[in-house]
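Listed below are the residues making up each chain.
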Amino acid sequence: MSSFGRCAACKYLRRKCPQDCILAPYFPSSNPQRFACVHKIFGASNVTKMLQQVPEHLRAEAAECISYEAIARVQDPVYGCVGIITQLQQQIVQIHSEIMKTKGEMVAHHSAHPQHHTSPQQQGDPSQFISIHQQEQNNFQSDKHLSGNF
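Residues numbered from 1 in each chain as written. Predicted model: local features only at pLDDT ≥ 70, side-chain atom pairs only at ≥ 80, totals over all residues. Heavy atoms only, no water.

Peer 1: What should I look at first to understand helix α4 (residues 59-75) in this one?
Peer 2: Each α-helix turn comprises 3.6 residues. Residues three or four places apart therefore point the same way. Here α4 spans 24 Å end to end across 17 residues, near enough to the 24 Å set by a 1.5 Å rise per residue. Residues of α4 that are buried: Arg59, Ala62, Ala63, Ile66, Ser67, Glu69, Ala70 and Ala72. (Helix = DSSP H or I, 4+ residues; strand = E, 2+ residues; numbered from the N terminus. Expected span 1.5 Å × (residues − 1). Buried < 20%, exposed > 50% of the residue type's maximum accessible area, 1.4 Å probe, protein only.)

Following this line, the structure appears as structure tokens:
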């Protein structure tokens, strides 16, 4: 229990906050909405059980994850965090596609206008650029495969 009284969890549940309250360090009274959201999605008993199963040095991070998932579930009851992850992965694919298109345009421009290059050392060898481009594309495909592609 904090020196200011009950934690947000105990206030929300209208109970006395014991000295060894497992929820107090992660749900301070200064942020009652955080616990309200977590309680709505998981329930106080389940959150307590989850935190008890986690080693003490990892509980703060676990509470953050639980809170983040609860907020995401309230905002998007069907997909929760997975919806956010999917949107971010789609943005990565779109931006990567734009980068590849731009690099391809640069290669085409370099090939179409070789007289504008002062020296290969200053501008880089176009074949080296194409090889790097292909390597980046292979790395992206590998990363895309490993990410599970939701």
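Peer 1: I tried to follow unusual backbone geometry on my own but got confused; where do I start?
Peer 2: In terms of backbone geometry, most residues other than glycine have negative phi values and most peptide bonds are trans. Look at Arg14: it is not a glycine, yet its phi comes out positive at around 55°. Note that Arg14 resides in the loop between α1 (8-13) and α2 (32-42).

Peer 1: Which parts of the structure should I look at to understand the packing of aromatic side chains?
Peer 2: The geometry of two aromatic rings is summed up by the distance between their centres and the angle between their planes. Enumeration according to the criterion identifies two aromatic pairs in this entry. With 5.7 Å between their ring centres and 70° between their planes, Tyr12 and Phe35 make a pair best called edge-to-face. Separated by 23 residues along the polypeptide, Tyr12 in helix α1 and Phe35 in helix α2 bring together distant segments of the chain. Assessed through its relative accessible area of 0%, Phe35 is described here as buried. Seen from their ring centres, Phe27 and Phe35 are 5.4 Å apart, and the 75° between their planes marks the pair as edge-to-face. Each of the two residues, Phe27 as well as Phe35, counts as buried. One aromatic cluster in this structure is built from Tyr12, Phe27 and Phe35. (Phe/Tyr/Trp six-rings, centres within 6.5 Å; stacked < 30°, edge-to-face > 60°.)

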